[in-house]
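Residues per chain, in single letters:
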Amino acid sequence: MEVKLVESPADIATCRHLAWCVLVQEQGWQILADNTSGLRIIHPDTRPELADDYEAVAEWMALVEGDEIVGCNRKSGRVAGQFELERYISIPAFLKEDDSAFEHTRLCIAPKYRSKKAMLRIAKFWYEHYRERQLGHFFTTGYEPFPGGMYRQLGMHQEHTEFKYNAHETKGCFIYHFNMRDLQLVDSMIEQIDALIRCAE
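Quick caveat, the model's predicted, so the values are computed rather than measured.

Reading guide: rules and limits
- Residues numbered from 1 in each chain as written.
- Predicted model: local features only at pLDDT ≥ 70, side-chain atom pairs only at ≥ 80, totals over all residues.
- Heavy atoms only, no water.
- Disulfide = S-S within 2.5 Å.
- Buried < 20%, exposed > 50% of the residue type's maximum accessible area, 1.4 Å probe, protein only.
- Helix = DSSP H or I, 4+ residues; strand = E, 2+ residues; numbered from the N terminus.
- Contact = heavy atoms within 4.5 Å.
- Core = buried A, V, L, I, M, F, W, Y, C linked by side-chain atoms within 4.5 Å.
- Salt bridge = Lys/Arg side-chain N within 4 Å of Asp/Glu carboxyl O.
- Expected span 1.5 Å × (residues − 1).
- Arc of directions from axis to C-beta.

1. Some remarks on the state of the cysteines
Counted by the stated rule, this structure contains zero disulfides. Summary of cysteine pairing: Cys-21 is not part of a disulfide, and the nearest cysteine sulfur, belonging to Cys-108, is at 9.2 Å. Of the residues examined, Cys-21 reaches a relative accessible area of 23% and is grouped as partly exposed.

2. Focus on the environment of Cys-108
When you line up the elements, Cys-108 lands in strand S6 (residues 102–109). Taking the C-alpha atoms as reference points, Cys-108 and Leu-18, separated by 90 residues in sequence, lie 7.2 Å from one another. Not counting chain neighbours up to four residues away, the residues in contact with Cys-108 comprise Leu-18, Ala-19, Val-22, Leu-23, Val-70, Gly-71 and Cys-72.

3. Overview of the nonpolar core
One finds Trp-126, Tyr-127, Tyr-130, Phe-138, Leu-154, Met-156 and Phe-178 to be the most contacted residues of the largest nonpolar core, which totals 49 residues. No other element matches the nine residues that helix H3 (residues 116–133) contributes to this core. In terms of nonpolar packing, the next biggest core, distinct from the first, is built from 10 residues, Ile-89, Leu-95, Ala-101 and Cys-173 among them.

4. Some details on the pattern of salt bridges
Across all of its chains, the model carries 16 salt bridges by this definition. Arg-114 is the salt-bridge partner of Glu-26, the closest N and O atoms lying 2.7 Å from each other. Taken together, the residues span a long stretch of sequence, with Glu-26 in helix H1 (residues 9–26) and Arg-114 in the loop between S6 and H3 at a distance of 88 residues. Between Arg-133 and Glu-59 there is a salt bridge, with its nearest N and O atoms 2.9 Å apart.

5. Focus on helix H5 (residues 183–200)
Counted at 1.5 Å a residue, the expected span for H5 with its 18 residues is 26 Å, and the 26 Å between its end C-alpha atoms agrees. Of the positions making up H5, those classed as buried are Val-186, Met-189, Ile-190, Ile-193 and Ile-197. Buried residues in H5, looked at end-on, bunch into an arc of 100 degrees, giving them a common side. Looking at H5, the residues exposed on the side facing more than 90 degrees away from the buried face are Gln-184, Glu-191, Arg-198 and Cys-199. The inward-facing, buried residues of H5 contact H3, helix H4 (148–153) and strand S9 (174–179).

6. Quick notes on unusual backbone geometry
In the segment running from Glu-144 into Pro-145, the intervening peptide bond is cis, with an omega of 5 degrees. Looking along the chain, the bond that leaves Phe-146 and enters Pro-147 is cis, with omega of 10 degrees. Positionally, Pro-147 belongs in the loop between strand S7 (137–142) and H4. In the Ramachandran plot, His-43 falls in the positive-phi region, its phi being about 55 degrees despite a non-glycine side chain. Counting through the fold element by element, His-43 comes out in the loop between strand S2 (40–42) and strand S3 (49–51). Residue His-43 is classed as partly exposed on the basis of its relative accessible area of 44%.

In short, geometric facts, not functional conclusions.
As structure tokens, this is what we get:
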């Protein structure tokens, strides 16, 4: 398996379809009509895809096995000065004020390919790719104990304020973030992940 950036409309559509399969079909995400980020299902009668108002500022990463996309993750910036998460809650000031910050969403791996090794390969790609581009903080959201525990193992810090995207959710989320400017920590995480990947082989 390898992780790479995808840019073609067909590959991006495949990533959005995988996000629909995992997040909506498998995990039961409810897409409310009045959600504030324009979250919606497109092509529902043919090959459903999960889309929102942030597609134009999104960069997709794909976990690839052979010629097949089996995992994905999305990096996105701001629209009208706001991250997607800011349309739901206030975010910490240091994230809001960081011009190089960005948001992670749509982390999905197809059931057949889920493994610690697959996740480690995705995480290694994060740190190597973002280090090369000299970016700032990145952040995401998740539940406890999973994927929150996994994010902490990957060096991310947890904000301790719990929140819900809407009143219908039964479980709260947390924000997790990582400072890509801490190059010593970045290099340490890459070394640790490399070691873990070797142990998993």
